[in-house]
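Spelled out from the first residue to the last, the chains are:
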Amino acid sequence: MGFYDALGAGKDYKFAYKLGCNSIRVAGIPEQYTPQLIARDNLESGSVSEFSFKSSSKKLAGQGRTDVYIKRSTIEEKCCKTIVHPGALIRIKAAQKMGKTLLLEKILDYSREQGYRTAKLDLKLADINILADLKTFLQWLCADVSDSLDLETQFDKYWKDIYGLNKNCTRYFQKYLLSASDKPLVLAIDNFERLFEYPGIFPQFCLMLRGWYESAKQGDRIGQIWQKLRLVVVHSTEAYPSLDINHSPFNVGIAIDLPEFNLEQVQILAKQYDNGELGEEDLSRLMELVGGHPYLIERAIANLTTGEITLEQLLNLASTEQGIFSNHLREQLWNLQHNPLLESAYKKVVRANEAVRLDAEVGFKLHSMGLVKLSGNDCVPSYDLYRRYFSERLVG
């Protein structure tokens, strides 16, 4: 998915293709399955006007399809109605791989259909040096959004050392980016949780975002400028560092929680894969293993559609190294093993026969990883797949 992440961040096709190829190699996918980027040149101008992809294989078995999407109609309608409101703020929250970025792209597509300008900032793509200090981060934000809007950076004109860092960034948006057009600007910030580990950036950045949101409520000329900004913040947990409630963007605007797929949506997903052999009983058995987790359920259906594995084989091998979820499970295991506190806590959860009370921050972190479901103040394994796999591997 590196290719689409880069495009969403406003990068060109060549950069996105290189990033996508790197992601494929990191995922351990054989080289023969790497797509080729084919450029169709404009003979008059010599510029590259169209791109298409050709895979060296007809089908990458079990890897899923990019044209499959399950509508969450009520949620999408709510987001689309909200984004047209002046000064809107939408907060999308869910565990990892639940479809947050897909929903975000739908919002951005809708915004572009309305004639709005859009810019997406994916914090997962930020180099470590970008997060070294607040000034570097805020100038990167301004430069990246400028680039997404095909505007030249104008730090000499709008960034003055006499002002504080948040003030300078605010001036840059107010006097330049927002004033450059009468059209609204939708600024999407994906993977916001990455900032939680940077105390030199997180609280000040949140304070600034909250200030922008409040400025749109003003009835003067300044308020009219800020009403053109629409914010969409995407994050995977509520366990963010403590913030003054008056300085936080996490308690204003519209909150969107992404639920799992229900049986009806899973049936629709199977139909999109043209898999008529999976009946309601088969899909129910599959959901007993992985619930309605969008990534896990689609991976299962994609593999079953190839005909190379039966449902019985999939269920029996699911928690083993031969199973189709082995890469995902090893990734989660690696994350736990590199955080002893989380590993110790999750060991208790998967070995217990009832819900386990954990430290609030630990529980939220496990929830953000998608490993537990919260039952009041207690935690249980999200899926039987996780209980089976981790109860065997978290030893000692």
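Rules used in this analysis
- Residue positions are given per chain, counting from 1 as you read along its sequence in written order.
- Only residues with pLDDT of at least 70 get local features here, since the model is predicted, and only at 80 or more are side-chain atom pairs given and counted; chain-wide, interface and lining totals rely on the full set of residues.
- Each side-chain value is worked out from all heavy atoms of the structure, with water and hydrogens disregarded.
- Each Phe, Tyr or Trp ring (for Trp, its six-membered ring) is paired with any other whose centre lies within 6.5 Å, and the angle between the two planes then decides the class: stacked below 30 degrees, edge-to-face above 60, tilted in between.
- Strands are runs of DSSP state E lasting at least 2 residues, helices are runs of H or I lasting at least 4, and numbering of each runs from the N terminus.
- When accessible area is computed with a 1.4 Å probe and restricted to protein chains, residues below 20% of their type maximum are described as buried, those above 50% as exposed, and intermediate ones as partly exposed.
- Here, a charge over a ring is recorded when the distance from Lys NZ or Arg CZ to the ring centre is within 6 Å and its angle to the ring normal is within 35 degrees.
- At least two bridges found by DSSP between two strands is the condition for calling them paired.
- Should any heavy atoms of two residues lie within 4.5 Å, those residues are counted as being in contact.
- Between the N-to-C directions of two axes lies an angle of 0 to 180 degrees, each axis being a line fitted to C-alpha atoms and, for a helix, fitted only over the stretch in contact.
- Any carboxyl oxygen of Asp or Glu within 4 Å of a side-chain nitrogen of Lys or Arg constitutes a salt bridge here.
- Throughout, nonpolar core names a set of buried Ala, Val, Leu, Ile, Met, Phe, Trp, Tyr and Cys residues whose side chains join them through atoms within 4.5 Å.
- Only a pair of cysteine sulfur atoms within 2.5 Å counts as a disulfide in this structure description.
- The span one expects for a helix is its residue count, reduced by one, times 1.5 Å.
- Angles below 35 degrees are treated as roughly parallel, those above 145 as roughly antiparallel, those between 65 and 115 as roughly perpendicular, and all remaining angles as oblique.
- In this scheme the crossing of two helices becomes right-handed for a clockwise turn of the near helix relative to the far one and left-handed for an anticlockwise turn of less than a right angle.

**Observations regarding the packing of aromatic side chains**
Logical step 1: All told, the structure shown has 20 aromatic pairs when counted by the stated rule.
Logical step 2: When the centroid spacing of 5.4 Å and the interplanar angle of 75° are considered together, the rings of Tyr346 and Phe390 count as edge-to-face. Placement of Tyr346 in helix α15 (residues 340-351) and of Phe390 in helix α17 (residues 384-393) is noted, with a sequence separation of 44 residues between them.
Logical step 3: Overall, Tyr346 belongs to the buried group, its relative accessible area being 0%.
Logical step 4: Three or more aromatic residues link up through ring pairs in this structure, and these residues are Phe137, Trp140, Phe192, Phe196, Phe202, Phe205 and Phe250.
Logical step 5: If you follow Lys97 out to its NZ or CZ, it ends over the ring of Tyr295, 4.2 Å from the centre.
Logical step 6: Over the ring of Tyr116 we find Arg230, and its NZ or CZ is 5.3 Å from the ring centre.

**Details of the sheet that holds strand β10 (residues 378-381)**
Logical step 1: Here we have three strands laid out as an open sheet, ordered β8-β10-β9, and antiparallel in their pairing. At either end of the open sheet lies a strand with only one pairing partner, and these are β8 (356-357) and β9 (372-375).
Logical step 2: Pairing geometry for β8 and β10, over two bridges, is antiparallel. Along β10, the bridge assignment pairs Arg357 with Asp378.
Logical step 3: Across the sheet, α15 is in contact with β8, β9 and β10; its angle to β10 comes to roughly 70°.

**Here's the deal with the pattern of salt bridges**
Logical step 1: All told, the structure shown has 15 salt bridges when counted by the stated rule.
Logical step 2: With a shortest N-O distance of 2.8 Å, Arg112 and Asp109 are connected by a salt bridge. Of the two residues, Arg112 and Asp109 both sit in helix α4 (residues 100-113), three residues apart, roughly one turn of that helix.
Logical step 3: Here Arg388 and Asp384 are joined by a salt bridge, their closest N and O atoms 3.6 Å apart. Here the residue Arg388 and the residue Asp384 both occupy positions in helix α17, the gap between them amounting to four residues, near one helical turn.

**Here's the deal with the nonpolar core**
Logical step 1: Counting 48 residues, the largest nonpolar core has Ile301, Leu314, Phe325, Tyr346, Leu366 and Phe390 as the members making the most contacts within it.
Logical step 2: Elements represented by at least two residues in this core include exactly α10 (263-272), α11 (280-290), α12 (294-305), α13 (311-317), α14 (326-337), α15, α16 (360-368) and α17.
Logical step 3: Ranked by residues supplied to this core, first place goes to α12 with six residues.
Logical step 4: Phe390 has contacts with Leu329, Gln332, Leu333, Leu336, Tyr346, Val350 and Leu371, leaving out every residue within four places of it along the chain.
Logical step 5: With 46 residues, the next largest nonpolar core counts Leu89, Trp140, Trp159 and Trp212 among its residues.

**Remarks on the sheet that holds strand β6 (residues 229-235)**
Sheets are built from strands that pair by backbone hydrogen bonding, the pairs being arranged parallel or antiparallel.
Logical step 1: What the five strands build is an open sheet, ordered β4-β5-β6-β3-β7; its pairing is parallel. Looking at the sheet topology across the chains shown, the edges are occupied by β4 (117-122) and β7 (254-257). Averaged over neighbouring strand pairs, the angle between their axes works out to 15° when direction is ignored.
Logical step 2: Bridging between strand β3 (residues 89-93) and β6 involves five bridges; their strand directions are parallel. The residue of β6 that forms the bridge with Ile92 is Val234.
Logical step 3: Packed on one face of the sheet, helix α3 (residues 73-83) meets β3, β5 (185-190), β6 and β7 and runs near 160° to β7.
Logical step 4: This element, α4, spans β3, β4, β5, β6 and β7 of the sheet and lies at about 160° to β4.

**Overview of the state of the cysteines**
Here is the idea: a disulfide is a covalent bond, and it sits between the sulfur atoms of two cysteines.
Logical step 1: For the structure shown, the criterion picks out zero disulfides.
Logical step 2: With no disulfide of its own, Cys79 has Cys80 as its nearest cysteine by sulfur position, at a separation of 6.8 Å.
Logical step 3: Here Cys169 is not cross-linked by a disulfide; its sulfur's nearest cysteine counterpart is in Cys142, at 3.7 Å.
Logical step 4: Residue classification places Cys169 among the buried residues on the basis of a relative accessible area of 0%.

**Details of helix α5 (residues 134-148)**
Logical step 1: Here α5 spans 21 Å end to end across 15 residues, near enough to the 21 Å set by a 1.5 Å rise per residue.
Logical step 2: Looking only at α5, the buried set comprises Leu134, Phe137, Leu138, Trp140, Leu141, Cys142, Asp144, Val145 and Ser146.
Logical step 3: In this structure, the buried side of α5 is in contact with β4, α6 (155-158), α7 (165-177), β5 and α8 (202-215).
Logical step 4: Looking one or two residues beyond α5, the residue adopting positive phi is Asp150, at roughly 60°.

**Remarks on the packing of α7 against α8**
Logical step 1: Running from amino to carboxyl end, α7 crosses α8 at an angle of 40°, the nearest separation of the two axes being 10 Å. As judged from the angle between their axes, α7 and α8 are oblique. Both α7 and α8 take part in a crossing whose hand is right-handed. Between α7, through Asn166, Cys169, Thr170 and Phe173, and α8, the contact on the second element is made entirely by Gln204, Leu207, Met208 and Trp212.

**Points about the side chain of Ser248**
Logical step 1: Mapping Ser248 onto the fold places it in the loop between β6 and β7.
Logical step 2: You can call Ser248 buried: its relative accessible area is 3%.

**Some remarks on unusual backbone geometry**
Logical step 1: Backbone geometry at Lys97 places phi at a positive 60°, although glycine is not the residue there.
Logical step 2: Judged by its relative accessible area of 34%, Lys97 is partly exposed.
Logical step 3: Positive phi, normally seen in glycine, also occurs at Asn191, with a value near 55°.
Logical step 4: Examined against the element boundaries, Asn191 turns out to sit in the loop between β5 and α8.
Logical step 5: For Asn191, a relative accessible area of 17% gives the class buried.

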